[in-house]
Amino acid sequence: MDVDTRLLRYFVAVAEEGSLTRAAERLFVSQPALTKQIKQLETQLGVRLFTRSRVGMALTEPGRALEARVPALLAEWDGILRETRSTAGRAARVLRVGFMASAANEATPHIIAEFTRRRPGWRVDMRQAAWSEPSAGLTDGDVDAALVRMPFPGQDALRTEVLFSEPRWVALPAGHPLAVREVIPFRELWDEPFVAAPPGSGRWRDYWLATDEREGHPVRIGAVTDRPDDWLSAIANGYGMALAPASAARFHARPGIVYRPVSGIGPSQVGVAWARADDTDPVVQDFVRCCLDNRPRPADVTG
């Protein structure tokens, strides 16, 4: 009997979250669709995996037995896929690098130029990721390394090195009353609607809503977006404001939107990330070294 690994990933998410609702948010699927997939897995295996109740999803004895083995199985399969794709890239002399919008900013061309100098005949394939994938494809093995904004979900399972920090500013409609201010205390933004990343992005979403700096004050969500263009449109159309790196004022300038410094919140960190399995990969490590050697000076990232 063959079981789709997608069903096993759904099973793991429900087992870890203990809730169909939270697991559905994490997986970016609807709750009815997730329920259907879990039932399909139970039918294929011929066992009941969960006991459903008003308080959540509890594993049955067969479910606990499956949970004990599936994470290792999926990790092994992910490793096989990563190695296969990486081998194909090595054969073609291509290094796949994921990145979040405006991650390494002006440093990126210098990083790539240095890498191609160190590795003649190699090409860097830059792949921009959606905000719903804050690891920029690294977690799924779609890339060999990534330029990321930290923190992000799954970061602890990867290797990361901080390249630089920059202040978090706020992007808001040009007609907003606060747009005339030179610096805006974050406390004055607590009651404003915010444009947020999808709920499943977890720590990434919370960080850019600055939930830890609100002293328990609830966040008002005016819109949810997954791409920079949609994010800019939502702000310009007055659905909300959003925290952003200071460099966004340069890279995402747009009529109808202004960027202002914010006091009372910490900075954003940009880093390079790679899989632990690639600690000894000379090509990946050459790229990491190029990132570290081409870190922007503090004056270049103050906005």
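Everything here concerns the structure above.
Residues numbered from 1 in each chain as written. Predicted model: local features only at pLDDT ≥ 70, side-chain atom pairs only at ≥ 80, totals over all residues. Heavy atoms only, no water.

**Side note on the overall build of the protein**
To keep it simple, the criterion reads: Each helix is a run of H or I in the DSSP string that is no shorter than four residues. Each strand is a run of E no shorter than two, and both are numbered from the N terminus. Note that the radius of gyration is over C-alpha atoms, with the globule rule given as 2.2 Å times the number of residues to the power 0.38. Exposed residues in this analysis have more than 50% of their type's maximum accessible area, buried residues have under 20%, and partly exposed residues fall in between, with area computed by a 1.4 Å probe over protein chains only. By definition in these notes, contact holds between two residues if any of their heavy atoms fall within 4.5 Å. All accessible-area figures derive from a Shrake-Rupley calculation using a 1.4 Å probe, and residue coverage is judged against the displayed protein chains alone.
In terms of regular secondary structure, the protein is built from nine helices and 13 strands. Taking 2.2 N^0.38 as the reference for a compact globule, 303 residues should give roughly 19 Å; the C-alpha atoms of the protein span a radius of gyration of 21 Å, in line with that estimate. Overall, the protein is about 65 × 55 × 30 Å in size when its C-alpha atoms are taken along their principal axes. A burial count over the protein gives 48% of its 303 residues as buried. Taking all contacts inside the protein whose residues are at least 6 apart in sequence as the whole, residues at least 24 apart take part in 74%. For the protein, the exposed area adds up to about 14,700 Å²; of that, 52% sits on carbon and sulfur atoms.

**A few points about the side chain of Gln155**
Tracing the chain through its elements places Gln155 in the loop between strand 5 (145-150) and strand 6 (158-166). Since its relative accessible area comes to 15%, Gln155 is described here as buried. Excluding anything up to four places from it in sequence, Gln155 contacts Met150, Thr160 and Arg203.

**Re the nonpolar core**
We count it as follows: What we call a nonpolar core is a set of buried Ala, Val, Leu, Ile, Met, Phe, Trp, Tyr and Cys residues that are connected through their side-chain atoms within 4.5 Å.
Of all hydrophobic cores here, the largest spans 48 residues; its most connected members are Val170, Phe186, Leu189, Trp231, Leu243 and Tyr259. Discounting residues that sit within four places of it in the chain, Trp231 has contacts with Trp131, Ala171, Val195, Thr225, Ala242, Leu243, Ala244 and Tyr259.

**Points about the pattern of salt bridges**
Rules: Salt-bridge detection follows one rule: a side-chain nitrogen of Lys or Arg within 4 Å of a carboxyl oxygen of Asp or Glu.
Applying the stated rule across the entire model yields 16 salt bridges. Between Glu42 and Arg52 there is a salt bridge, and its shortest N-O distance comes to 3.1 Å. Residue Glu42 is located in helix 3 (residues 31-45), and its partner Arg52 is located in strand 1 (residues 50-53); the two are separated by ten residues in the primary sequence. What you see here is one network of salt bridges that share partners, running through Glu114, Arg117, Arg118, Arg289 and Asp293.

**A short note on the pairing of strand 13 (residues 268-275)**
The two faces of a sheet get side chains in turn, since along a regular strand they alternate between them. Counted only if it meets this: Being paired, for any two strands, means DSSP has found at least two bridges between them.
Burial analysis of strand 13 places seven of its eight residues in the buried class, the great majority of the element. Of the pairings in the sheet, the one linking strand 5 to strand 13 comprises six bridges and is antiparallel in character. When the sheet's bridge partners are listed, Arg149 is paired in strand 13 with Val270. The pairing of strand 6 with strand 13 spans eight bridges and is antiparallel. By the bridge assignment for strand 13, Ser165 is matched with Gln269.

**Quick notes on the packing of helix 1 (residues 5-17) against helix 3**
Note the threshold: Working convention: axes come from line fits to C-alpha atoms, limited for helices to the stretch in contact. Angles between N-to-C directions cover 0 to 180 degrees. Angles below 35 degrees are treated as roughly parallel, those above 145 as roughly antiparallel, those between 65 and 115 as roughly perpendicular, and all remaining angles as oblique. With the far helix as reference, a near helix turned anticlockwise by less than a right angle produces a left-handed crossing, and one turned clockwise produces a right-handed crossing. Three residue categories are used. Nonpolar comprises Ala, Val, Leu, Ile, Met, Phe, Trp, Tyr, Cys and Pro, charged comprises Asp, Glu, Lys and Arg, and polar comprises the others, including Gly.
Put simply, helix 1 and helix 3 touch, their axes get as near as 9 Å, and they point 110° apart. Here helix 3 runs roughly perpendicular to helix 1, going by the angle between their axes. Crossing hand, helix 1 versus helix 3: left-handed. Where helix 1 approaches helix 3, its residues Arg6, Leu7, Leu8, Tyr10, Phe11 and Val14 are matched on the opposing element by Leu34, Gln37, Ile38, Gln40, Leu41 and Gln44. Here the residues of the contact of helix 1 with helix 3 sort into eight nonpolar, three polar and one charged.

**Focus on the packing of helix 1 against helix 2 (residues 20-27)**
Look at helix 1 against helix 2: their axes get within 8 Å of each other, and the N-to-C directions meet at 130°. On the basis of their axis angle, the class for helix 1 and helix 2 is oblique. Our pair here, helix 1 against helix 2, has a crossing hand that is right-handed. Along its contact with helix 1, which presents Tyr10, Ala13, Val14, Glu16 and Glu17, the element helix 2 presents Leu20, Arg22, Ala23, Arg26 and Leu27. Class assignment for the residues of the contact of helix 1 with helix 2 results in six nonpolar, no polar and four charged.

**Looking at the packing of aromatic side chains**
Selection criterion: The criterion for an aromatic pair is that two Phe, Tyr or Trp rings (for Trp, the six-membered ring) have centres within 6.5 Å, with stacked assigned to planes under 30 degrees apart, edge-to-face to planes over 60 apart and tilted to the rest.
Using the criterion set out here, one finds four aromatic pairs in the structure. Centroid distance Phe11 to Phe50: 5.5 Å. Interplanar angle 50°. Geometry classified as tilted. In this pair, Phe11 is assigned in helix 1 and Phe50 in strand 1, connecting sequence segments 39 residues apart. Neither Phe11 nor Phe50 differs from the other in exposure class; each is buried. Look at Tyr207 and Trp208: their rings are 5.4 Å apart centre to centre, the planes differ by 90°, and that puts the pair in the edge-to-face class.

**Section: helix 9 (residues 282-293)**
Definition in use: Helices are assigned an expected span. That span is 1.5 Å times one less than the residue count. Under this definition, polar contacts are N or O atom pairs within 3.5 Å; protein pairs additionally need one hydrogen-donor-capable and one acceptor-capable atom, and for neighbouring residues in sequence, both atoms have to be side-chain atoms.
Its twelve residues give helix 9 an end-to-end C-alpha distance of 16 Å, which sits within 8% of 16 Å, the value for a rise of 1.5 Å per residue. Within helix 9, burial applies to Val283, Val284, Asp286, Phe287, Val288, Cys290, Cys291 and Leu292. Capping the start of helix 9, Asp281 holds a side-chain oxygen 2.9 Å from the backbone nitrogen of Val283, two or three residues further along.

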